[in-house]
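# Examining the three-dimensional arrangement
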Amino acid sequence: MKHEYADCSFCGGKVTEKKIQVDYRTGDELVVFENVPAGVCRQCGEKYYTAKVVKALEQMARDKTITGRIIHIPVKSFTEKRVI
Ligand SMILES: [Zn+2]
């Protein structure tokens, strides 16, 4: 299914559809979606999602019957000492 996108609202560039990875937060859970159709600006890389795709992501994130592979994600605290 192809989705329609307006030109980029930041730079006016052409927006074309790509399948991208989305890190989706729901409550204190993080779900990584692959193959999400999104409009990506060819000039600045800004991403756009249609309302229907966002709704589907919300539903799929909450749906416990949809399983995927589990990955381990490190959570690191930012350290000011690293700012040089
Ligand atoms: Zn743009």
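Since the structure is predicted, the reported quantities are computational estimates derived from the model, not experimental observations.

Rules used throughout
Residues numbered from 1 in each chain as written. Predicted model: local features only at pLDDT ≥ 70, side-chain atom pairs only at ≥ 80, totals over all residues. Heavy atoms only, no water. Helix = DSSP H or I, 4+ residues; strand = E, 2+ residues; numbered from the N terminus. Buried < 20%, exposed > 50% of the residue type's maximum accessible area, 1.4 Å probe, protein only. Donors = N, O, S within 2.8 Å, 3.2 Å for Na, K, Ca; no water. Tetrahedral: all angles 85-135°; square planar, octahedral: opposite > 155°, others 65-115°. Patch = residues over 30% accessible without salt bridge, like charges linked within 9 Å, V, L, I, M, F, W, Y side chains within 5 Å. Areas by Shrake-Rupley, 256 points an atom, 1.4 Å probe, with all protein chains shown as cover. Salt bridge = Lys/Arg side-chain N within 4 Å of Asp/Glu carboxyl O. 1 Å grid on protein atoms, 1.4 Å probe; cavity = no way out; pocket = protein on both sides within 12 Å on 5 of 7 lines; lining within 4 Å. Points joined across faces, edges and corners; volume = space filled by probe spheres on them. Nonpolar A, V, L, I, M, F, W, Y, C, P; charged D, E, K, R; others polar.

In this fold, A6 is placed in the segment before β1 (15-26). Assessed through its relative accessible area of 61%, A6 is described here as exposed. Expressed as a C-alpha distance, the spacing of A6 and T16, which sit 10 residues apart in the sequence, is 9.3 Å.

The next thing to look at is the coordination of the zinc ion. Coordination sphere of the zinc ion, protein contribution only: C8 (SG), C11 (SG), C41 (SG) and C44 (SG), at 2.3 to 2.4 Å. The site at the zinc ion holds 4 donor atoms, and with the angles between them running 98 to 117°, its shape is tetrahedral. Between the donor residues of the zinc ion, the gaps in sequence give the motif C-x2-C-x29-C-x2-C. Pair noted here: C8 is in the segment before β1 and C41 is in strand β2 (residues 29-41), with a separation of 33 residues, a long-range link. The buried category is assigned to C8, whose relative accessible area is 5%.

What follows is about a nonpolar patch on the surface. On the surface, L30, V32, I71 and I73 cluster together into a nonpolar patch covering about 310 Å² of accessible area. Tracing the chain through its elements places I73 in the segment after α1 (51-62).

Our next topic: the layout of surface pockets. Estimates place the volume of the largest pocket at around 820 Å³. Residue lining of the largest pocket: 25 residues in total, with L30, V31, V32, G68 and R69 positioned closest to the centre. Put simply, the parts of the chain that give the lining of the largest pocket at least two residues each are β2 and α1. When residues of the lining of the largest pocket are assigned to their parent elements, the largest contribution, 9 residues, is made by β2. Classifying every residue of the lining of the largest pocket by side-chain character gives 15 nonpolar, 5 polar and 5 charged.

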